[in-house]
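Structure assessment
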Amino acid sequence: MIGLISATAAGAAARDRLAAAWSTRTRVYDGPVAEGVRRAFAECDQVVCFLATGAVVRLVAPLLADKGSDPGVVCVDEAGRFAVSLVGGHAGGANELAREVGELLGAEPVVTTATDAVGVPGLDTLGLPVEGDVAAVSRAMLDGEPVLLELELSWPLPALPPNVGSRAAEGAAVVRVSDRDREPAAREVVLRPPSLVVGVGASRGAPVEEVLGLVGDALREAGLSARSVAQLATVEAKSEEPGIVGAAARLEVPVVTYTAGELAAVAVPNPSDAPLAAVGTPSVAEAAALAGGGELLVPKRKSVRADGQPAMATCAVVRRPARGRLAVVGLGPGARDLLTPRATAELRRAAVLVGLDQYVDQIRDLLRPGTLVLESGLGAEEERARTAVAEARRGQAVALIGSGDAGVYAMASPALAEASDDIDVVGVPGVTAALAAGAILGAPLGHDHVSISLSDLHTPWEVIERRVRAAAEADIVVTFYNPRSRGRDWQLPKALAILAEHREPTTPVGVVRNASRPDESSRVTSLGSLDPAIVDMMTVVTVGNTATREIAGRMVTPRGYRWQEEAN
């Protein structure tokens, strides 16, 4: 929850804009400002004060306790010009909140955290729990000192600065990646990867404390960190067992379940007749932990009850194999404000970026220092797909980029055809050219529609023509991608002729070139009037159906709402 506090009418107006936009995320604190700040600080995860920074400093100073638990505080001036990340930039999320507030209110976000200011990743922003002397190691990274990267576990990390690597002199600051339960040394931080899976079995009614105590003892005695537990795994029949669900909630991890048949197929060192009779598999704890593969670190063990009664819980611990990560990222049609926040986050998470050189240029400024960029020109799609998958198989965090949505006439399909289940794959949707053009034209896609590429470089023309004819006969709005190039100048006229067999010459046609880019141009014409010579590879052509109309210069395809029919 985000607490909102203001003192003046101008501040209240900006506060209310934020409250209206984030109605489920915010809580307004009226009344005396000092009391509002005190209450918000105690009750909220983050606080936005529409006050002078000096006033906010004096109000929050007595409330500060620990940077790991204090809420993030953002200060917005009376004129709404700046959103200042004041307290808890990383741990409290104030840096990102300042950017969000700035975007919503049109204010300039002010972030003074040293790592953010120079583009170096904050160690507490890498997506992994971090322990140790974050300040000292961050200072070494900022000062360009050699920092030793110790990978006890290979895990896909975001890009780190060039001065962080496997070679450094004795006494250098250390970044260690480990799931071992050990105290960080001086000038050392430990990143905790989610490498451990705890398989759990429980009798009906097993107490949360018994399950949690068993898991804690197993991890502690094996020298493993609870902060590296990724999930509790069990049999499907126990998916709602309160002891297991409650333990997972306390550990802040999900419960993953498998059917009895799936667990019965997993080879385990310690099968038993008891779970076979109860839930249909000779193993729950070990089999559930091993179901995703990995190394068994803690074989099945039972809980020990203080009252001497039979154990009600079992557990086993597995270190799952590190997997590379491939994010297939859609960049949208070109405008920066149509690049989604999720896409931006994935670009900054990547240690390796693979893409067409002109697309890389669009987002190069968003990459972290140290990101390995593997770019190539037109025609190298197969090479880029294979490179991205190969880098992910090496254990890297990879982003493969494409324009629009990477899954639409772009890099996702060749990459995923190359990939197998030995890497994690994440798809990040983007605004497609058809959607961007449709928004410019009006509402041409208001009813059923289809996109067809007229490029016969990868698809025989006979197949393309059959698809165009099917769309024509079905009276579906058609958006043509790759409509015309210097070497392919007859396909678009042919496709339009097929559509003309089923639609009137007056059917509206929208032509958009370089949608959302600085040299964007668009026009609405008709099927009988369109001159194919004005179209090139940077153009999207949208042909309406028999119901599409031009209204006030815009293409509109009605959906057929009853209230519209009644109004007419």
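Residues numbered from 1 in each chain as written. Predicted model: local features only at pLDDT ≥ 70, side-chain atom pairs only at ≥ 80, totals over all residues. Heavy atoms only, no water.

Let's shift gears to the environment of Val 431. Along the chain, Val 431 falls in the loop between strand S21 (424-428) and helix H16 (433-441). Judged by relative accessible area, which is 23%, Val 431 ranks as partly exposed. Sequence separation between Val 431 and Thr 340 is 91 residues, and the spatial gap between their C-alpha atoms is 8.4 Å. Val 431 has contacts with Gly 332, Pro 333, Leu 338, Gly 404, Asp 405 and Ala 436, leaving out every residue within four places of it along the chain. (Helix = DSSP H or I, 4+ residues; strand = E, 2+ residues; numbered from the N terminus. Buried < 20%, exposed > 50% of the residue type's maximum accessible area, 1.4 Å probe, protein only. Contact = heavy atoms within 4.5 Å.)

A few words now on the sheet that holds strand S29 (residues 554-556). Sheet architecture is open: three strands sit in the order S22-S29-S28, paired in mixed fashion. Of all strands in the sheet, those with a lone pairing partner are strand S22 (442-443) and strand S28 (549-551), marking the two edges. Summarising the sheet, S22 and S29 pair through two bridges and their orientation is parallel. In the strand pairing of S29, Ala 443 is matched with Val 556. (Pairing = 2+ DSSP bridges.)

Another aspect to go through is the packing of helix H1 (residues 9-21) against helix H4 (residues 94-105). Where H1 contacts H4, the axes come no closer than 11 Å and their chain directions differ by 105°. Between H1 and H4, the crossing angle belongs to the class labelled roughly perpendicular. When H1 is examined against H4, the residues Ala 14, Arg 17, Leu 18 and Ala 21 are found in contact with a partner set consisting of Val 101, Leu 104 and Leu 105. Split by residue class, the contact of H1 with H4 holds six nonpolar, no polar and one charged. (Axes fitted to C-alpha atoms, helices over the stretch in contact; angles between N-to-C directions. Parallel < 35°, antiparallel > 145°, perpendicular 65-115°, else oblique. Nonpolar A, V, L, I, M, F, W, Y, C, P; charged D, E, K, R; others polar.)

Counting through the fold element by element, Asn 545 comes out in the loop between strand S27 (539-543) and S28. Here the side chain of Asn 545 touches Ala 547 through a polar contact of 2.8 Å, landing on its backbone nitrogen. In contact with Asn 545, not counting residues within four places along its chain, are Asp 475, Ile 476, Val 477, Arg 503, Thr 507 and Thr 557. (Polar contact = N/O pair within 3.5 Å; in protein donor to acceptor, adjacent residues only side chain to side chain.)

Summed over all chains, the structure comprises 35 salt bridges. Across the pair Glu 346 and Arg 325 runs a salt bridge whose closest N-O atoms are separated by 2.7 Å. Here Glu 346 is found in helix H12 (residues 341-349), whereas its partner Arg 325 is found in strand S17 (residues 325-330), with 21 residues between them in sequence. Taken individually, Glu 346 and Arg 325 each receive the classification buried, so the pair is uniform in this respect. For Arg 336, the salt bridge identified is with Asp 365, shortest N-O distance 2.9 Å. (Salt bridge = Lys/Arg side-chain N within 4 Å of Asp/Glu carboxyl O.)

So, on to the layout of surface pockets. A water-sized probe, rolled over the atoms, reveals where empty space remains. Roughly 1500 Å³ of internal volume is contained in the largest pocket. What lines the largest pocket is a set of 46 residues, among which Tyr 359, Ser 403, Tyr 409, Asn 482 and Met 537 lie closest to the centre. Looking at the lining of the largest pocket residue by residue, the class counts come to 21 nonpolar, 17 polar and eight charged. (1 Å grid on protein atoms, 1.4 Å probe; cavity = no way out; pocket = protein on both sides within 12 Å on 5 of 7 lines; lining within 4 Å. Points joined across faces, edges and corners; volume = space filled by probe spheres on them.)

A separate point is the nonpolar core. With 23 residues, the main nonpolar core has Val 198, Val 200, Leu 219, Leu 232 and Val 317 as its most contacted residues. Mapped onto this core, the elements with two or more residues apiece are strand S12 (196-202), helix H7 (208-221), strand S13 (229-235), helix H8 (242-251) and strand S16 (313-319). The leading source of residues in this core is H7, at six residues. With 21 residues, the next largest nonpolar core counts Trp 461, Leu 496, Val 511 and Val 535 among its residues. (Core = buried A, V, L, I, M, F, W, Y, C linked by side-chain atoms within 4.5 Å.)

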